Amino acid sequence: MIEITTARTTLRVLGPEWSDSLLRYRIRNREHLAPWEPTRDHTYYTAASSKERLEKDCEGFTRGQSICLWGVDTTASDVIGSCNFTNIVWGPFQACHLGFSVDADYQGKGYMREMVEAAIDHVFGTVLRRKGSQNRTFKLTGGGKIIFLQQRLILTTVHNKYMKFAPSAPDAATPRRL
């Protein structure tokens, strides 16, 4: 399985033995993540549901359909976020969707950016190699997108629009619509 170490976290595909930690994450962040997630019923916030999710994550990873990485705080040994590469398309196109979340207590402290950058570097550097392509655009679940441009990650909050940063433009920080 994958294990990626950052300055403050470890990202990994978690097995069912982590279901208690995932359940605590879900309960702690029920209200925080509600605006971006589908409506959840009470069964979502159970140990059985958390265990089932982690089993499906492992199955999806084994089949090459998804890479669901959970961020674990190295000092607290508890789940604090996720970076999920789903709907993986293999072959020449090599694409996927990226969804992510971070614990309310860790928001605004750079943890999410740290985890997303490390996850993208690993997944597109080793798992989904794209030869000859330096500019990549990732659509975010919940709106917006990530643009990964020549080893630089730019997070945007533009919803339902596709933009690309032109690396050859005099002002590369100015987005243009495609």
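Keep in mind that what you see is a predicted model, and the values were worked out from it rather than measured. (Residues numbered from 1 in each chain as written. Predicted model: local features only at pLDDT ≥ 70, side-chain atom pairs only at ≥ 80, totals over all residues. Heavy atoms only, no water.)

1. Comments concerning the packing of helix α1 (residues 19-28) against helix α3 (residues 47-63)
Between α1 and α3, whose axes approach to 8 Å, the crossing angle comes to 115°. One way to sum up the angle between α1 and α3 is to call them roughly perpendicular. Pair α1 / α3 crosses with right-handed handedness. Judged by residue contacts, Ser19, Leu22, Leu23 and Arg26 of α1 engage Ala47, Ser49, Ser50, Lys51, Arg53 and Leu54 from α3. Of the residues that constitute the contact of α1 with α3, the class distribution is four nonpolar, three polar and three charged. (Axes fitted to C-alpha atoms, helices over the stretch in contact; angles between N-to-C directions. Helix = DSSP H or I, 4+ residues; strand = E, 2+ residues; numbered from the N terminus. Parallel < 35°, antiparallel > 145°, perpendicular 65-115°, else oblique. Left-handed = near helix turned anticlockwise from the far one by under 90°. Contact = heavy atoms within 4.5 Å. Nonpolar A, V, L, I, M, F, W, Y, C, P; charged D, E, K, R; others polar.)

2. Quick notes on the pattern of salt bridges
All chains considered together, the criterion is met by ten salt bridges. Here arginine 12 makes a salt bridge to glutamate 3, at a shortest N to O gap of 3.3 Å. A relative accessible area of 18% means that arginine 12 is categorised as buried. Judged by relative accessible area, which is 53%, glutamate 3 ranks as exposed. Put simply, arginine 63 and glutamate 59 hold a salt bridge, and the shortest N to O gap is 3.4 Å. (Salt bridge = Lys/Arg side-chain N within 4 Å of Asp/Glu carboxyl O. Buried < 20%, exposed > 50% of the residue type's maximum accessible area, 1.4 Å probe, protein only.)

3. Some details on the nonpolar core
The biggest cluster of nonpolar side chains holds 25 residues, and the ones touching the most others in it are Leu11, Ile67, Leu69, Cys83, Phe85, Met115 and Phe124. Taken together, the elements giving at least two residues each to this core come down to β3 (67-73), β4 (78-89), β5 (95-102) and α4 (111-127). The element contributing the most residues to this core is α4, with nine residues. Sequence-distant contacts of methionine 115, defined by excluding residues within four places in its chain, comprise Thr9, Leu11, Gly71, Ile80, Gly81, Cys83 and Val102. Formed by ten residues, the second largest nonpolar core is a distinct cluster that contains Leu14, Cys68, Val72 and Val79. (Core = buried A, V, L, I, M, F, W, Y, C linked by side-chain atoms within 4.5 Å.)

4. Looking at the confidence of the model for the protein chain
Taken as a whole, the protein chain shows an average pLDDT of 79; of its residues, 72% reach a score of 70 or greater. Per-element confidence in the protein chain ranges from a low mean pLDDT of 35 for strand β9 (residues 163-165) to a high of 97 for α1. Scored below 50 in pLDDT, residues 131-135 makes eight contacts in the model with residues more than four places away or belonging to other chains. Confidence drops under a pLDDT of 50 for residues 137-178, and excluding neighbours within four residues, the segment shows 88 contacts in the predicted structure. (pLDDT = per-residue confidence, 0-100.)

5. Regarding the pairing of β4
For β4, the tally of buried residues reaches nine of twelve residues, placing the bulk of the element in the interior. In terms of strand pairing, β3 meets β4 through seven bridges, oriented antiparallel. Within the sheet, the bridge partner assigned to cysteine 68 lies in β4 and is asparagine 84. What sits between the antiparallel neighbours β3 and β4 is a turn of four residues, in which serine 77 has the positive phi angle 50°. Summarising the sheet, β4 and β5 pair through seven bridges and their orientation is antiparallel. Paired with phenylalanine 85 across the bridge in β5 is leucine 98. With antiparallel pairing between neighbouring strands as the criterion, β4 and β5 make up a hairpin whose turn holds five residues, including glycine 91 at a positive phi of roughly 95°. (Pairing = 2+ DSSP bridges.)

6. Comments concerning unusual backbone geometry
Backbone geometry at serine 77 places phi at a positive 50°, although glycine is not the residue there. Residue position: serine 77 is located in the loop between β3 and β4. The residue asparagine 87 is not glycine, and still its phi comes out positive at about 50°.

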